Structure formats: structure tokens, C-alpha cells
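# Observations on the model geometry
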Amino acid sequence: MASFIKRTIRLNPSQARTLTGFANRRGLSEYALLLKVIDAGFLALLHGADRETDLAEMASVIGSISERLADAERVLDRTLFTACAAYAYARSSALGGRTSDEVIAAEARAAFERQRKLAEESER
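Scope of this entry: the structure provided in the associated data block. None of the values given here were measured: they were computed from a predicted structure. (Residues numbered from 1 in each chain as written. Predicted model: local features only at pLDDT ≥ 70, side-chain atom pairs only at ≥ 80, totals over all residues. Heavy atoms only, no water.)

For the rest of this paragraph, the subject is the overall build of the chain. What the chain contains, in helices and strands, is four helices and zero strands. Taking 124 residues into account, the globule formula puts the C-alpha radius of gyration at 14 Å, and the chain, at 30 Å, lies well above it. Looking at the chain residue by residue over its 124 residues, the buried ones come to 10%. When the accessible area of the chain is evaluated, it comes to approximately 10,900 Å², of which 58% is carbon and sulfur surface. Here the chain carries 18 positive and 17 negative side-chain charges, and the mean point of each set is 8 Å from the other. (Helix = DSSP H or I, 4+ residues; strand = E, 2+ residues; numbered from the N terminus. Rg over C-alpha atoms; globule rule 2.2 N^0.38 Å. Buried < 20%, exposed > 50% of the residue type's maximum accessible area, 1.4 Å probe, protein only. Areas by Shrake-Rupley, 256 points an atom, 1.4 Å probe, with all protein chains shown as cover. Lys, Arg positive; Asp, Glu negative; His and termini not counted. Charge placed at Lys NZ, Arg CZ, Asp CG, Glu CD.)

Below, the discussion takes up helix α4 (residues 101-123). Helix length check: α4 (23 residues) gives 33 Å between terminal C-alpha atoms against 33 Å at 1.5 Å per residue, within 8%. Turning to α4, its buried residues are Ile-104, Ala-108, Ala-111 and Phe-112. (Expected span 1.5 Å × (residues − 1).)

Turning to the packing of aromatic side chains, a few remarks are in order. Across all of its chains, the model carries one aromatic pair by this definition. Taken together, a centroid distance of 5.9 Å and an interplanar angle of 75° make the contact between Phe-81 and Phe-112 edge-to-face. Pair noted here: Phe-81 is in helix α3 (residues 51-94) and Phe-112 is in helix α4, with a separation of 31 residues, a long-range link. Taking relative accessible area as the criterion, Phe-81 reaches 32% and is therefore assigned partly exposed. Lying across the ring of Phe-22, Arg-25 places its NZ or CZ 4.8 Å from the centre. (Phe/Tyr/Trp six-rings, centres within 6.5 Å; stacked < 30°, edge-to-face > 60°. Lys NZ or Arg CZ within 6 Å of the ring centre and 35° of its normal.)

Once that is clear, we can look at the pattern of salt bridges. Taken as a whole and judged by the stated rule, the model has two salt bridges. Between Asp-71 and Arg-74 there is a salt bridge, with its nearest N and O atoms 2.1 Å apart. Taken as a pair, Asp-71 and Arg-74 lie in helix α3 at a separation of three residues, close to a single helical turn. Residue classification places Asp-71 among the partly exposed positions, given a relative accessible area of 41%. (Salt bridge = Lys/Arg side-chain N within 4 Å of Asp/Glu carboxyl O.)

Further remarks concern a nonpolar patch on the surface. Residues Ile-38, Phe-42, Leu-43, Leu-45 and Leu-46 make up a contiguous nonpolar surface patch of about 570 Å² in total accessible area. Inspection of the secondary structure puts Ile-38 in helix α2 (residues 30-47). (Patch = residues over 30% accessible without salt bridge, like charges linked within 9 Å, V, L, I, M, F, W, Y side chains within 5 Å.)

Next up on the list: the environment of Ser-14. Mapping Ser-14 onto the fold places it in helix α1 (residues 13-26). A sequence separation of 71 residues divides Ser-14 from Ala-85, and the C-alpha atoms of the two residues are 60 Å apart.

Another point: the side chain of Ser-92. Tracing the backbone through its elements, the reader meets Ser-92 in helix α3. Residues in contact with Ser-92, not counting those within four places in the same chain, are Gly-97, Thr-99 and Ile-104. (Contact = heavy atoms within 4.5 Å.)

On the surface, Glu-73, Glu-113, Glu-120, Glu-121 and Glu-123 cluster together into a patch of negative charge. Considering each element in turn, the negative patch owes the most residues, four residues, to α4. Within the fold, Glu-113 resides in helix α4.

Below you can see the structure in the form of C-alpha cells.
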């Protein structure tokens, strides 16, 4: 059987309210939750899960997500341009005209820019 040593702690009012709120939501007494908080704190200290490590890890993950998002945006831009070019060529073909590739490419670029502008306006 484990023996325990009694300690007295003081919580500031904000900590006390937070503890009470969490304890009520979890259906625990404040003392039972306080023991869990202390155990979690000891585990964090023992395993080095301090705030600086967490912030550094979060910054690294956010950086990685930002890179992947930029890659996805480039792929989406290329996909949009390809769709605009396909539309321009299909339109030219459907109209039966003998439009030059330069003219069709200019129409595709113009359609791409219109779609990008519409997308940017919808973000606002």
C-alpha cells in the first residue's frame, strides 16, 4: 500500500475557478482533479514536455503546413490554367474558327485572371 505525504497548496482565484469548472464537467471532486493535474505536471517535467518544446514543435508543424499549402496553391493555379486553356481551345473549335494558338493562349490567360480575381473577391 502506497503511503502519501500531505501537502498544502495555494491556487490563485483564476486557477481555483478553472479547477472547479473542469472538475464539475468531469464529475470529479476538486481534490481528485487536482491530483490528476499534479500527476500530469510531473509527467510533463519528467518527459521534457515543457512549454518551449511545445512552442518549437508547433512552429515547426505550422511551417510545414504553410509549405504544403503553398504547394497546393501552385497545383491549383496550374489546374485552373489548364482548365481555362481547355475551355478556350474547345470554344474555338466549337465556333469553327481557325484561331491562332497565340490568340487562344491570350484568351486562356484572360479567363485564368478573371477566375483568380473572382476567387480573391469571394475571400473578402
